[in-house]
Amino acid sequence: MHLRILGSAAGGRFPQWNCACGNCDFVRQNKFRGKPRTQAQLALSSDGSRWFLAGASPDLAFQIEATPELHPRALRDSPIAGVVLASADLDDVLGLLLLRELQPLRVYAAASILQILREENSMFAMLNRVEPQVAWNLMSDSVPFPLFDAQGADLDLCCEAVFLSGRYPRYVRSSGLAPEATAALFFEADSSQAGSKKRIAYAPAIEKLGDPLLSKIDGCDVLLLDGTFWSDDELIRVQGSGETAHQMGHIPVEESLRLLKNVRVGRRLYIHINNTNPILNEASPEHRAVLDAGWEVAEDNWHLEL
Ligand SMILES: [Zn+2]
């Protein structure tokens, strides 16, 4: 299985356009020991030629251009077969509107998310102007499903969504929606060694790590986990007010480091890193603590081959 990390920052990117926190300010001055990042985005493939996206970030157009594997191979073409959506957050869905150039794609999402996009937000009708264009597919909680392209060809990639919360974005008007606002995504494919499977867990927005989820993560070859904030009060300390990490639906890194200490995972990476997070600074004690605990801090354009 091939994994490309196209973007590794939380919403707003790093640096964030309207932020002059210590991290953002130092990056702009070229004094920062660390790298700028675009918004979190993954691409996965079993064969290296047909790709599926996890989420569709607001930076997607630039991320595609920065990734030769995702460039068209004919006048009108894309190696991107479709998208799996873990939420209806703008960070996850704005990129869909950047894919509106009449390209057939398949999109998988929870029923409530399909309803929000297709019934509440008329702009997404741009993805269904002609036939064939975007084929929308429903995914259910904890039921693995094979990924197909818009024409029905099997990508030899399997996905499973574990629904995590009923925390919908503030733009959503529908009420009484099922608790399927965010999901952890698990991807599985054959490895290059015959007979063995490789499994990737992707949970960029996770409020808590309960036992059922921990046991699902256990044994994964790669874990990409919510690295939004280092500490629960990070934003309050930087801004002087605001919500805690937990109130925003994110488990702080200093907490998940402890909870995942004994989970068996091949490679563990923090992703979806907010611009205020001290782990972005490679000279910080927090960055060191993450590395010392066996974790990596994901960067844009990392390639993982499994
Ligand atoms: Zn900042």
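Quick caveat, the model's predicted, so the values are computed rather than measured.

(A) Broad picture of the overall build of the chain. Helix and strand content of the chain: eight helices and 14 strands. A globule of 306 residues ought to have a C-alpha radius of gyration of about 19 Å, and the chain, at 19 Å, matches this closely. Across the 306 residues of the chain, 52% fall into the buried class. Within the chain, counting contacts between residues at least 6 apart in sequence, those at least 24 apart form 67% of the total. Just so you have it, the chain exposes about 13,600 Å², and 51% of that area is on carbon and sulfur atoms.

(B) The arrangement of helix α4 (residues 111-120) in detail. Taken as a whole, α4 has its buried residues at S112, I113, L114, I116, L117 and E120. In the core, the buried residues of α4 are packed alongside α3 (90-97), β5 (105-109) and β6 (134-138).

(C) How the structure looks around the pairing of strand β8 (residues 154-165). Here strand β7 (residues 145-148) pairs with β8 via three bridges, running antiparallel. Bridge pairing links F148 to D154 in β8. Following β7, the chain reverses through five residues before pairing antiparallel with β8; G152 in that reversal takes a positive phi of roughly 95°.

(D) Expanded view of the coordination of the zinc ion. For the zinc ion, the protein coordination sphere consists of C19 (SG), C21 (SG), C24 (SG) and N275 (OD1), at 2.1 to 2.3 Å. Coordination at the zinc ion is tetrahedral: its four donor atoms span angles of 101 to 119° at the metal. All donors to the zinc ion come from one chain, and their sequence spacing reads C-x1-C-x2-C-x250-N. Separated by 256 residues along the polypeptide, C19 in the loop between β1 (2-7) and α1 (22-28) and N275 in the loop between β12 (267-271) and α8 (285-292) bring together distant segments of the chain.

(E) Quick peek at the pattern of salt bridges. The full count for this structure, using the stated rule, is 19 salt bridges. Across the pair R237 and D233 runs a salt bridge, and its minimum N-O distance is 3.2 Å. The exposure class assigned to R237 is exposed, which follows from its relative accessible area of 57%. Note on D233: relative accessible area 33%, which makes it partly exposed. A single network of salt bridges, built from pairs that share partners, joins E160, E188, R199 and K216.

(F) Quick peek at the sheet that holds β1. Taken in spatial order, the seven strands make up an open sheet running β6-β5-β4-β3-β2-β1-β14, and their pairing is mixed. In this open sheet, the two strands that pair with only one neighbour each are β6 and β14 (302-305). Taking the axes of each pair of neighbouring strands and ignoring which way they run, one obtains an average angle of 20° across the sheet.

(G) View of the sheet that holds β8. Reading across the sheet, the seven strands line up as β7-β8-β9-β10-β11-β12-β13 and stay open at both edges, with mixed pairing between neighbours. Edge positions in the sheet fall to β7 and β13 (295-297), since each has one partner strand and no second. Each neighbouring strand pair of the sheet contributes to a mean axis angle of 25°, computed without reference to strand direction. The strands that α8 touches are β12 and β13; relative to β13, the one it contacts most, it runs at about 135°.

(H) Inspection of the packing of aromatic side chains at higher detail. Tallied over the full model, the rule gives four aromatic pairs. A ring pair is formed by F14 and F32, whose centres lie 5.5 Å apart and whose planes are at 70°; its orientation type is edge-to-face. Residue F14 is located in the loop between β1 and α1, and its partner F32 is located in the loop between α1 and β2 (41-45); the two are separated by 18 residues in the primary sequence. Centroid distance Y270 to W295: 4.0 Å. Interplanar angle 15°. Geometry classified as stacked. Of this pair, Y270 sits in strand β12 while W295 sits in strand β13, and the two are 25 residues apart along the sequence. You'll find Y270 and W295 in the same group, each marked buried. An aromatic cluster is present here, built from F52, Y108 and F145 joined pairwise through their rings.

(I) Region of the structure containing the pairing of strand β3 (residues 51-54). Neither face of β3 is exposed, since W51 and L53 on one face and F52 and A54 on the opposite face are all buried. Two strands pair when backbone bridges link them, and β2 and β3 are joined in this way by three bridges, in the antiparallel orientation. In the sheet register, L42 faces β3, and the bridge partner there is A54. Where β3 lies against strand β4 (residues 80-84), four bridges are found, and the strand directions are parallel. Within the sheet, the bridge partner assigned to F52 lies in β4 and is G82.

Quick notes on the rules
Residues numbered from 1 in each chain as written. Predicted model: local features only at pLDDT ≥ 70, side-chain atom pairs only at ≥ 80, totals over all residues. Heavy atoms only, no water. Helix = DSSP H or I, 4+ residues; strand = E, 2+ residues; numbered from the N terminus. Rg over C-alpha atoms; globule rule 2.2 N^0.38 Å. Buried < 20%, exposed > 50% of the residue type's maximum accessible area, 1.4 Å probe, protein only. Contact = heavy atoms within 4.5 Å. Areas by Shrake-Rupley, 256 points an atom, 1.4 Å probe, with all protein chains shown as cover. Pairing = 2+ DSSP bridges. Donors = N, O, S within 2.8 Å, 3.2 Å for Na, K, Ca; no water. Tetrahedral: all angles 85-135°; square planar, octahedral: opposite > 155°, others 65-115°. Salt bridge = Lys/Arg side-chain N within 4 Å of Asp/Glu carboxyl O. Axes fitted to C-alpha atoms, helices over the stretch in contact; angles between N-to-C directions. Phe/Tyr/Trp six-rings, centres within 6.5 Å; stacked < 30°, edge-to-face > 60°.

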